[in-house]
Amino acid sequence: MKNSVKNILLIVFVSIVSTLGYQYYQNYSEARLFNNFLESAALVSSLHLEASEDFKNILDFSEISREEFENKISKVVSNSKEAYEIINNTDSSLTLKEKELLSLATSYWLQGLEMFEVSIITLIDNPNSEKIQDSIAQSISDLSIGDRSYSEFLFLIKQNATSEGTFLPILYEVEYVGLEDNSFRFADLLVDKAKSSTGGLFLRRNLSISGAEFNPIPIATTEEDYSVLLNDKIELQIVLTNEGNVDVFDVVILILVTDEYGETVHEQQSKIDKIGPQESRIFYSDAINIETGVLHEWFIKLEEVEKEDNLNDNLYSIFGFIPPEG
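This is a predicted model, so every value here is computed, not measured.

Could you give an account of the overall build of the protein, with specific residues and numbers?
Of regular secondary structure, the protein possesses five helices and nine strands. In the protein, the succession of α and β elements from N to C terminus is α-α-α-α-α-β-β-β-β-β-β-β-β-β. Counting over 326 residues, the protein shows a buried share of 40%. At a minimum sequence separation of 6, the contacts of the protein that also span at least 24 residues come to 73%. Accessible surface for the protein amounts to roughly 18,600 Å². Of this, 49% is attributable to carbon and sulfur atoms.

The following block contains the structure:
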């Protein structure tokens, strides 16, 4: 009888020890998996902190060139892809609400950033693209969903931070656009800001005739703004300016001199090899003799370059005459 009781007690003891041992092992395994997940989450958090800060700088658009934009957004998307792959490669046996939220955040962030990159480049290449705001608005909406999912992830993680065996790493606050209530309005603002960029985000081609002066210098100017010229050969000193942000090559300038009777007295066509962005060049017309006592007009025209923004400043007229002798 005593042996039976001892055997029963031994069985109970072994059963309790086994149960406790199994629970300990299970808790240890779960804690190890969770801590591994937290390490991955910390890396994801760091990648997206850098990406989100770079993204916010991009949204300024004020002085960013196209090359800078493409380099910066490419880096942002690359970080987002890396973070997405890290979460996808975590242990599939780990089924946690935290993992689900972080996976959702990385997925929507990547989706939104890729669409934003394509949309803005499309806008740059085709500023008059129709419905481009729709895709930009969708990208903003995706980023906002990612922000909200990540915020919920952080909240849940902090709630469970006191669990035994959990080592909470540094997890940053990350936000791309916040909880955006009107992504279409946001998209409209971004398009307007991008189009007003002065840093060369859009390629702008615009030549202008900034001014022209007679040489020799006029001795007077009439009320009608006609220049009174010396009785000598007359040439024009013309200022040509590239108001755009790209080099312009083979600039063609036409000069037509007519008298007050509508007769052409001189024609000239010349070519300037190159004018750089925001550069001005001085061009001298042919020096010609004109009839005294007759008003003459020098009409100057710059031939338009491909996709030139403004043609109104490609034309210029200036009037002058040599007083009659005596």
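Back to the text.
Could you give an account of the packing of helix 4 (residues 132-159) against helix 5 (residues 183-195), naming the residues involved and the relevant values?
Where helix 4 contacts helix 5, the two axes come as close as 8 Å, and the packing angle between them is 120°. Between helix 4 and helix 5, the interaxial angle falls into the category oblique. Remark: the crossing between helix 4 and helix 5 carries right-handed chirality. Between helix 4 and helix 5, the contacting residues are Gln-133, Asp-134, Ile-136, Ala-137, Ile-140 and Ser-141 on the first element and Ser-183, Phe-184, Phe-186, Ala-187, Asp-188, Leu-190 and Val-191 on the second.

Summarise the packing of helix 2 (residues 66-88) against helix 3 (residues 97-125); cite the residues concerned and give the values.
At a minimum axis separation of 9 Å, helix 2 and helix 3 run at an interaxial angle of 160°. When the axis of helix 2 is compared with that of helix 3, the two are roughly antiparallel. Seen from above, helix 2 lies across helix 3 with left-handed handedness. Of the residues contributing to the contact of helix 2 with helix 3, the split by class is 15 nonpolar, five polar and seven charged.

So, the nonpolar core: which residues are in play, and what are the values?
Judged by nonpolar contacts, the single largest core of 51 residues is most densely connected at Phe-55, Phe-61, Phe-69, Phe-116, Tyr-150, Phe-153 and Tyr-176. Among the elements of the structure, helix 1 (2-58), helix 2, helix 3, helix 4 and helix 5 are those that each provide at least two residues to this core. With residues up to four places along the chain from it excluded, the contact list for Phe-61 reads Phe-69, Phe-116, Ile-120, Leu-190, Lys-193, Ala-194, Ser-197 and Leu-201. Core analysis: the next-biggest nonpolar cluster, separate from the first, contains 25 residues, Leu-207, Ile-272, Phe-283 and Ile-290 among them.

How each quantity is defined
- Residues numbered from 1 in each chain as written.
- Predicted model: local features only at pLDDT ≥ 70, side-chain atom pairs only at ≥ 80, totals over all residues.
- Heavy atoms only, no water.
- Helix = DSSP H or I, 4+ residues; strand = E, 2+ residues; numbered from the N terminus.
- Buried < 20%, exposed > 50% of the residue type's maximum accessible area, 1.4 Å probe, protein only.
- Contact = heavy atoms within 4.5 Å.
- Areas by Shrake-Rupley, 256 points an atom, 1.4 Å probe, with all protein chains shown as cover.
- Axes fitted to C-alpha atoms, helices over the stretch in contact; angles between N-to-C directions.
- Parallel < 35°, antiparallel > 145°, perpendicular 65-115°, else oblique.
- Left-handed = near helix turned anticlockwise from the far one by under 90°.
- Nonpolar A, V, L, I, M, F, W, Y, C, P; charged D, E, K, R; others polar.
- Core = buried A, V, L, I, M, F, W, Y, C linked by side-chain atoms within 4.5 Å.

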